[in-house]
Amino acid sequence: MYLRLKDNDTIAAIATPLGEGGISVIRISGAAAFDVADRVFVGKGSLSESPSHSAHFGRAVDASGKYVDEVVAVTFRAPNSYTCENVVELSCHGGYLVTQKLLQVILDAGARAAEPGEFTKRAFLNGRLDLSQAEAVADLIHSQSEAAYRSSMRQLSGDLSREIKAIRDELLNLASLLELELDFSEEDVVFANRIALDDRMSDAVAALEKLLLTYEVGRVYREGVRVTIAGKPNAGKSSLLNSILGEGRAIVSDKPGTTRDTITESISIGGVLFRFTDTAGLRETADEIEREGVERAEKEAEKGDVVLLVADYGEKYYNGTIAEYARLSDICAKVGVKFVRVWNKIDLYPAEAPRIAAEGREFYVSALKGDGIDFLKNGLKELALGKEVNESTVVVTNSRHRDALARSKRSLGLALDTLRSRKSGEFVALDLRAGLNALGEITGEITTDDVLNNIFSKFCIGK
Ligand SMILES: Nc1nc2c(ncn2[C@@H]2O[C@H](COP(=O)(O)OP(=O)(O)OP(=O)(O)O)[C@@H](O)[C@H]2O)c(=O)[nH]1
Ligand SMILES: [Mg+2]
């Protein structure tokens, strides 16, 4: 259970990015927000006597009455505000100095400088958001891809919370049934049918499993996908990068060894951020080239999520090179990096058409002509997300949630074992409760101050 270490301070912070802009907003929250604002704000009337959700033009002044800036004050009365407390937002001219000065005046008038995430923390403590929703606020702010944006919006609107709650409610019912039996243990009654219990607990485990499986997708949404483009000199790696990006980013030439340093470029494919790294070309003699190429690709491979091995389509029918690539493929398999072959330059082999083969692990393209590049992009997206994920899938994006789900699933597994070994319901209930508690951590029904501080310290000040 968390300690409600809630203070009664009225807090203030600049809520907009520091720097020059049209306006800046300073947010004041707490029981005394209106009093503090009134000490600073000079307008037609006092803010304390104004209704909630009203805007007022006026001047901000310091304690000695000196004019600081023109401002607009917007009022929100508890509980109808972001924090559920009294809130006043002052918009001033968006300059670095003027904003700092106004904040100082507000602090002098009795507010305390807010800590990172403190507004959102209060929203959580006051029950306006659950913990997973509060975390979604931070994720939303940090989203850099369309998909990350969408999944954090979904989490913010409570989709994940609802799924968790449904599982929790079911487990609570089961735990209560078992615990009811204990109360009547003298009479030796059985309320909970063991077969039905087994079924319902198994269903809960399956639901948790399904959520856990979405974590990989969640990570892809949040962090994007790192793709290493590897292959022999002149295979067309840089050409492929350019073709995927739709621009001439990397230098291409018919001289082997054109790319010297690795180049990384990002592009969004279907809302997912992909980071492609084009690796350097390699040196002379055939053996050395092969050895170095493989070694280099191996090193890069371990850093990424996907390796695109680019090769001239003609190689498919030439000598020993394929075995060398098999080695790279084995290494990828060992470190969990997805391995994809791209047969390039199919325009030189008129019989070949752009296509996807081997369950999306082999592509036939012409980087030069752009043939098959859309297949490749789409295939990469499917490889990263899985085919069954769509817009409405609830996705677990947060490692804290993943850990709690995994612990919950483990406890339920134990509960099932205990149930099946026909031990007393008491022991089953114990494990069920542990599973329930783990789920409660996700939404914040059960949490510690350390966890809370850790979560909110990652927010920016003013949020
Ligand atoms: N016909 C044809 N030529 C291609 C294709 N892709 C690349 N090339 C040509 O192959 C040559 C090498 O292309 P690059 O993209 O520089 O190859 P690379 O793998 O980056 O080479 P290094 O950086 O030297 O390792 C250039 O002359 C390209 O125009 C293709 O699909 N078809
Ligand atoms: Mg190159």
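Sequence positions are assigned chain by chain, starting from 1 and proceeding in written order. Working convention: letters from A go to chains and numbers from 1 go to ligands, in the order in which they are written. Local features in this predicted model are restricted to residues of pLDDT 70 or higher, and side-chain atom pairs are both shown and tallied only at a pLDDT of 80 or more, whereas totals for entire chains, interfaces and linings draw on every residue. Note: side-chain values were computed over all heavy atoms of the structure, leaving out hydrogens and water.

Draft legend 1. Looking closely at the overall build of the protein. We count a stretch as a helix when DSSP gives it H or I for four or more residues in a row; a strand needs E for two or more, and each element gets its number in order from the N terminus. Across its full length, the protein carries 15 helices and 14 strands. Only C-alpha atoms enter the radius of gyration, while the globule expectation follows 2.2 Å times N to the 0.38, with N the number of residues. What you see for the protein is a C-alpha radius of gyration of 30 Å, clearly larger than the 23 Å of a compact globule of 463 residues, by over 25%. Expressed as lengths along the three principal axes of its C-alpha atoms, the size of the protein is roughly 85 × 80 × 30 Å. Residues classed as buried in the protein amount to 51% of the 463 residues present. The buried label applies to any residue whose accessible area, calculated with a 1.4 Å probe on protein chains only, is under 20% of its type's maximum; exposed applies above 50%, and partly exposed to all values in between.

Draft legend 2. Region of the structure containing the domain arrangement of the protein. Split into domains, the protein comes out as domain 1 (11–129), domain 2 (137–214 + 396–444) and domain 3 (223–385). Domain limits in this description derive from either an automatic procedure or a database domain assignment. For domain 2 and domain 3, the distance between their C-alpha centres works out to 43 Å. Note on definitions: a residue-residue contact is assigned when non-hydrogen atoms from the two residues lie within 4.5 Å. In this assembly, four residues from domain 2 lie in contact with four residues from domain 3. In what follows, salt bridge is the name for a side-chain nitrogen of Lys or Arg lying within 4 Å of a carboxyl oxygen of Asp or Glu. Run the count over domain 2 and domain 3 and you get zero salt bridges. Each polar contact in these results corresponds to two N or O atoms within 3.5 Å; when the atoms are within protein, one needs to be able to donate a hydrogen and the other to accept it, and residues that are neighboring in sequence are counted only if both atoms are side-chain atoms. Applying the counting criterion to the domain 2 and domain 3 interface returns two residue pairs in polar contact (both at pLDDT 80 or more).

Draft legend 3. The site of ligand 1, seen in detail. Any residue with a heavy atom positioned within 4 Å of a molecule or strand is treated as near that molecule or strand. Around ligand 1 there are 24 residues in total, and Ser-239, Gly-257, Thr-258, Thr-259 and Asp-347 lie nearest to it. Interatomic distance of 2.6 Å between a side-chain N/O atom of Ser-239 and an oxygen atom of ligand 1. Isolated, ligand 1 exposes 650 Å² of accessible area, and the fraction of that covered by the protein chains is 91%. A total of three residues in the shell around ligand 1 trace back to one element, the largest contributor, which is helix α9 (residues 237–245). Here the term charged refers only to Asp, Glu, Lys and Arg, the term nonpolar to Ala, Val, Leu, Ile, Met, Phe, Trp, Tyr, Cys and Pro, and the term polar to all other amino acids, Gly among them. Taken together, the residues that form the shell around ligand 1 break down as seven nonpolar, eleven polar and six charged. Here the open area of atoms and residues is found with the Shrake-Rupley method and a 1.4 Å probe, where only the protein chains shown may cover a residue.

Draft legend 4. Inspection of the packing of helix α6 (residues 159–183) against helix α7 (residues 194–213) at higher detail. Angles run from 0 to 180 degrees between N-to-C directions of axes, and those axes are lines fitted to C-alpha atoms, restricted for helices to the stretch in contact. Remark: α6 packs on α7, axes separated minimally by 11 Å, with the N-to-C direction vectors making an angle of 155 degrees. Taken as axis vectors, α6 and α7 run roughly antiparallel relative to one another. Crossing handedness for the pair α6 and α7: left-handed. Residues Leu-160, Glu-163, Ile-164, Ile-167, Glu-170, Leu-171, Asn-173, Leu-174, Leu-177, Leu-178 and Glu-181 of α6 pack against Arg-194, Leu-197, Arg-200, Met-201, Ala-204, Ala-207, Leu-208 and Leu-211 of α7. Grouping the constituent residues of the contact of α6 with α7 by class yields 13 nonpolar, one polar and five charged. Each angle gets one of four labels, with under 35 degrees taken as roughly parallel, over 145 as roughly antiparallel, 65 to 115 as roughly perpendicular, and the rest as oblique. In a left-handed crossing the near helix is turned counterclockwise from the far helix by less than a right angle, and in a right-handed crossing that turn is clockwise.

Draft legend 5. A look at the pairing of strand β2 (residues 21–29). Summarising the sheet, strand β1 (residues 11–14) and β2 pair through four bridges and their orientation is antiparallel. In the sheet register, Ala-12 faces β2, and the bridge partner there is Ile-28. One requirement defines pairing of two strands: DSSP has to find at least two bridges between them. Hairpin connection, β1 to β2: the antiparallel pair is bridged by six residues, and Gly-19 has positive phi, about 140 degrees.

Draft legend 6. Region of interest: α9. Burial runs high along α9: nine of the nine residues are buried. Packing partners of the buried residues in α9 comprise β8 (225–231), β9 (263–269), β10 (272–278), β11 (306–312), β12 (338–344) and α12 (373–385). Phi turns positive, to about 75 degrees, at Gly-246, one or two residues after α9.

Draft legend 7. Local environment of the nonpolar core. Grouping buried Ala, Val, Leu, Ile, Met, Phe, Trp, Tyr and Cys residues that are joined through side-chain atoms within 4.5 Å yields what is termed a nonpolar core. Of all hydrophobic cores here, the largest spans 34 residues; its most connected members are Leu-240, Phe-274, Phe-276 and Leu-308. Only α8 (215–223), β8, α9, β9, β10, β11, β12 and α12 provide two or more residues apiece to this core. Tallying contributions element by element places α12 first for this core, with six residues. Not counting residues within four places of it along the chain, the set of residues in contact with Phe-276 comprises Val-227, Ile-229, Leu-241, Ile-244, Ile-263, Thr-264, Glu-265, Ile-267, Ile-269, Leu-308 and Leu-380. Among the nonpolar cores identified, the runner-up in size contains 29 residues, and Tyr-215, Ala-404, Leu-405 and Leu-419 belong to it.

Draft legend 8. Local environment of the sheet that holds β11. The seven strands are arranged β9-β10-β8-β11-β12-β14-β13 in an open sheet whose pairing can be described as mixed. The sheet is open, and its two edges are formed by β9 and β13 (355–357), each paired on a single side. Going across the sheet, the axis of each strand differs from the next one's by a mean of 25 degrees, ignoring polarity. The pairing of β9 with β10 spans seven bridges and is classified as antiparallel.

Draft legend 9. The arrangement of helix α1 (residues 33–40) in detail. Buried within α1 are the following residues: Ala-33, Phe-34, Val-36, Ala-37 and Val-40. The arc enclosing the buried residues of α1, seen along the axis, measures out at 160 degrees, which places them on a common side. The inward-facing, buried residues of α1 abut β2, β3 (41–43), β4 (55–61), β5 (67–76), β6 (87–94) and α2 (96–108). In this description, the arc belongs to the directions extending from the helix axis to the C-beta atoms.

Draft legend 10. Main features of the side chain of Glu-89. By the secondary structure assignment, Glu-89 is in strand β6. A polar side-chain atom of Glu-89 sits 3.2 Å from a polar atom in the side chain of Arg-27. If we ignore the near neighbours within four places in the chain, the residues touching Glu-89 are Val-25, Ile-26, Arg-27, Val-72, Ala-73, Val-74 and Phe-76.

Draft legend 11. View of the pattern of salt bridges. Summed over all chains, the structure comprises 26 salt bridges. The closest approach of N and O atoms between Asp-159 and Arg-162, which form a salt bridge, is 2.7 Å. Taken together, the residues Asp-159 and Arg-162, both in helix α6 and three residues apart, mark about one turn of the helix. Residue Arg-407 is joined to Glu-441 by a salt bridge in which the shortest nitrogen-to-oxygen separation is 2.9 Å. With Arg-407 in helix α13 (residues 399–420) and Glu-441 in helix α14 (residues 425–443), this pair connects stretches of sequence that are 34 residues apart. Of the residues examined, Arg-407 reaches a relative accessible area of 32% and is grouped as partly exposed. For Glu-441, a relative accessible area of 23% puts it in the partly exposed group. One connected set of salt bridges, linked through shared partners, spans Asp-7, Asp-9, Glu-85, Arg-112, Glu-118 and Arg-122.

Draft legend 12. Geometry of the sheet that holds β6. Read across the sheet, seven strands follow the order β3-β4-β5-β6-β2-β1-β7 without closing on themselves; strand pairing throughout is mixed. Of all strands in the sheet, those with a lone pairing partner are β3 and β7 (112–113), marking the two edges. Lying on the sheet, helix α3 (residues 118–125) is in contact with β1, β2 and β7; it crosses β1 at an angle near 135 degrees.

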